[in-house]
Amino acid sequence: MANKRHGLVRARKAAGFTQETLAEQFGIDPTSVRNWESGRSEPSAHRRAKLSKLLRVTPARLEELLLNQPLTLPGAEAPAPPSDLVIASSVPNGESRLDATYVESLHARIQELVRMDMQFGGDHSAGIALKLFQSVHRKLGNVECDPAIEADLYSAAGELGELAGWLLFDAGKHELVRRVNNEALNLLRMAGDRSTEVLTLQNMSMHAGHLKRPGEALRLSQMVLDQHKLSPRLRALFLTRKARAFALGGDDDNAKRTFDQAHSLYLDGVRDDDPAWAWWVNDQEITWHEAMIYGDIGDWHRAVDTFQESVDLTPADEIRRRYNHTASLLEAQTEAHAWADMPTTLEQLMPYVDEVGSTRTATTLLKTLPKIETSATAPRDVRESATELKSLLVGAGYDAGE
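Residues numbered from 1 in each chain as written. Predicted model: local features only at pLDDT ≥ 70, side-chain atom pairs only at ≥ 80, totals over all residues. Heavy atoms only, no water.

(A) Molecular detail of the overall build of the protein. Across its full length, the protein holds 19 helices and zero strands. Taken over the C-alpha trace, the protein has a radius of gyration of 22 Å; the compact-globule value for 402 residues is 21 Å, and the two agree within 12%. Taking the principal axes of its C-alpha atoms as reference, the protein extends roughly 65 × 60 × 35 Å. For the protein, buried positions account for 54% of its 402 residues. For the protein, the accessible surface area stands at approximately 18,100 Å², while carbon and sulfur atoms represent 50% of it. (Helix = DSSP H or I, 4+ residues; strand = E, 2+ residues; numbered from the N terminus. Rg over C-alpha atoms; globule rule 2.2 N^0.38 Å. Buried < 20%, exposed > 50% of the residue type's maximum accessible area, 1.4 Å probe, protein only. Areas by Shrake-Rupley, 256 points an atom, 1.4 Å probe, with all protein chains shown as cover.)

Encoded structure:
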């Protein structure tokens, strides 16, 4: 169910716009503005810049209004929060000393958020994770802590921030991703939690690649490879991130060579010194990244076969991952004009649309489906199925025109 973004409504009214006059500024129907304010859809990246100017708010503040949650994290490397967002300076009445029980409760809620993500995606859980991270962050500065559990508390808070950053990435909240990741990194370094610090750095490298910043993704991956003692499985993970950065940067040979190194290390299997969080570094994940590399270098026919393998490897109960991998398969099939296999892929995607909330995946689909609809070589039944899937995405709150 969509949550009304009251802050966005107030910002529009404060700037002197009605829904109709704001829509006129973009040449769109007022329904789109109503959908932005109701939480059913969001403005695209190129419209966000103009919207922040029209509403006279910073781009970061606009992201917070769209998420319907203020972010009050100063983070040394993150953009400073808007002046109207401050962290409370006194301990609220009724908040007791933070102890081991509180830390245990954080770990339990982190695991619950992980389970939610696997089933429902970041659109549904990112706001919950961010709100909890805000609360924990405020308590760290204002509520007395048992010194014996201080390192564990900061570690748990940093782990929560890492997870919130991942969920925000899946929800397409990219400005917030960078801020939350940086704050999580600060907390984990204060706790001396090198393992979760490494996890956060790989998230940051992944996010940089997604934003088409291969140089940044490469530097982050290489820094970890140079500075951290990693098990073979983790080295494989960071070499995979490095290979994808090479592919995005147009260095096909280094991309292939680096991935071959990663795959060889991955085949060493699980070791006792692998961190607990490495459970998701598995066959389907490595295979999906291999397919992404093929796509990045334009070898779409190999990408199709490899994406299909990643889908086949993904268990049925990992619903969000199957949705994302299947969307990637559809994109590769479209680029390769593999029309014969596409009806099955489209059929597999349709049940996920109104059950899984993943802006990241929906964006892939909404970029791909118009190519199918307008293709001169795609069969009619494939084009009709693509139109049906797009209609389902619009019905689920995603704007096909964004």
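After that view, the rundown keeps rolling.
(B) Main features of helix H3 (residues 30–38). For H3, every residue scored as buried is listed here: Ser32, Val33, Trp36 and Glu37. For H3, the angular spread of buried residues about the axis comes to 135°, placing them on one side. Just beyond H3, the residue with positive phi is Gly39, at close to 90°. (Arc of directions from axis to C-beta.)

(C) Broad picture of the pattern of salt bridges. A full pass over the atoms with the stated rule returns 17 salt bridges. The salt bridge partner of Glu20 is Arg34, with a shortest N-O separation of 3.9 Å. Taken together, the positions of Glu20 in helix H2 (residues 19–26) and Arg34 in helix H3 put the pair 14 residues apart, joining distant regions of the chain. In this structure Glu20 comes out as partly exposed when scored by relative accessible area, which is 40%. (Salt bridge = Lys/Arg side-chain N within 4 Å of Asp/Glu carboxyl O.)

(D) Just unusual backbone geometry, in detail. Even without glycine at this site, Lys212 takes up a positive phi of about 60°. Of the residues examined, Lys212 reaches a relative accessible area of 60% and is grouped as exposed. The phi torsion at His337 lies on the positive side, around 55°, for a residue other than glycine.

(E) Main features of the packing of aromatic side chains. This structure, assessed with the given rule, holds four aromatic pairs. Here the aromatic rings of Phe26 and Trp36 are separated by 5.6 Å at their centres, their planes lie at 90°, and the arrangement is edge-to-face. One end of the pair, Phe26, is in helix H2; the other, Trp36, is in helix H3, and ten residues separate them in sequence. The same class applies to Phe26 and to Trp36, which are both buried. Ring centres of Trp166 and Phe169 lie 5.6 Å apart, and the angle between their planes is 50°; this geometry places the pair in the tilted category. Of this pair, Trp166 and Phe169 both sit in helix H8 (residues 150–170), three residues apart, roughly one helical turn. Neither Trp166 nor Phe169 differs from the other in exposure class; each is buried. Taking the ring centre of Phe26 as reference, the NZ or CZ of Lys50 above it sits at 5.2 Å. (Phe/Tyr/Trp six-rings, centres within 6.5 Å; stacked < 30°, edge-to-face > 60°. Lys NZ or Arg CZ within 6 Å of the ring centre and 35° of its normal.)

(F) The environment of Asp272, seen in detail. One can find Asp272 in the loop between helix H13 (252–266) and helix H14 (283–296). Each C-alpha atom, one on Asp272 and one on Ser231, is 9.0 Å from the other, the two residues being 41 residues apart in sequence.

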